[in-house]
Amino acid sequence: MTRTPSTTVTQVRLWRWRRNPLRRHSDVVEAWIVLATWVLAVAAGVLGGLVAAQTSESVFAARQARLHTVSAVFTDDTARTPAAGTGYDDGRVWASVRWTDPDGSVHTDRTKVLPGRPAGTPVTVWTNQADRIVPAPVTGAGADLQAALTGALVAPSAGAAVWGVGWVVRSRLIRRRMAEWDEEWKQIGPRWGNLSGGRG
């Protein structure tokens, strides 16, 4: 019959809180500063990300509420092929369109469309309150994705800002502790040298 070796469970304690004759009050304060800094940094990151995402969603919704679609027609034939452009060109061309408001007023503007459309072809465009054509608002999954990305970008920044404040507070505490140690050593150092026969 084999005996199973007995295992002892050692209690793990954080050194800054455990009883220790060398522990100073500043060590306990520093431990609380570090703990509070990390907790607040995580909380600020989560909260900042959520607020940023909700704000982005509100901005997208407000923009969509200010815009409306109108049915317009091309006033002339569009180009058959897009002009050679930069790498940012999406293959669309500029074309003039015309639409009539419910009150009978006629408006014209330019918009980007796929090439090769004959004059008179209907097209739906987005307009603002000044009856100018604007890009379509971001809606649905696109708006959700952009809001989520905004939150994901803001969250680390908010957490880092809180962590930075905690780091500054902790650094000042450490500098103060070092100054106190320096003062104490000025008092104890000469006596220590006398006790060691001038060799310490």
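Definitions and cut-offs
- Residues numbered from 1 in each chain as written.
- Predicted model: local features only at pLDDT ≥ 70, side-chain atom pairs only at ≥ 80, totals over all residues.
- Heavy atoms only, no water.
- Helix = DSSP H or I, 4+ residues; strand = E, 2+ residues; numbered from the N terminus.
- Salt bridge = Lys/Arg side-chain N within 4 Å of Asp/Glu carboxyl O.
- Buried < 20%, exposed > 50% of the residue type's maximum accessible area, 1.4 Å probe, protein only.
- pLDDT = per-residue confidence, 0-100.
- Contact = heavy atoms within 4.5 Å.

In this model, Asp131 sits at a positive phi of 60 degrees, which is unusual for a non-glycine residue. The residue Asp131 is located in the loop between strand E4 (122-127) and strand E5 (133-134) in this model.

Taken as a whole and judged by the stated rule, the model has five salt bridges. Among the salt bridges present, the one from Glu30 reaches Arg177, with a minimum N-O distance of 2.5 Å. With Glu30 in helix H1 (residues 25-66) and Arg177 in helix H2 (residues 140-195), this residue pair connects regions lying 147 residues apart in the sequence. Judged by relative accessible area, which is 2%, Glu30 ranks as buried. A relative accessible area of 8% means that Arg177 is categorised as buried. A salt bridge links Asp109 to Arg132; the shortest N-O distance between them is 3.3 Å. With Asp109 in strand E3 (residues 106-113) and Arg132 in the loop between E4 and E5, this residue pair connects regions lying 23 residues apart in the sequence. Since its relative accessible area comes to 43%, Arg132 is described here as partly exposed.

Before going further, it helps to spend a moment on the confidence of the model for the protein chain. Averaged over all residues, the pLDDT of the protein chain is 82; the fraction at 70 or higher stands at 78%. Per-residue pLDDT stays below 50 along residues 9-13; that stretch engages in one contact with residues further than four places along the chain or on separate chains.

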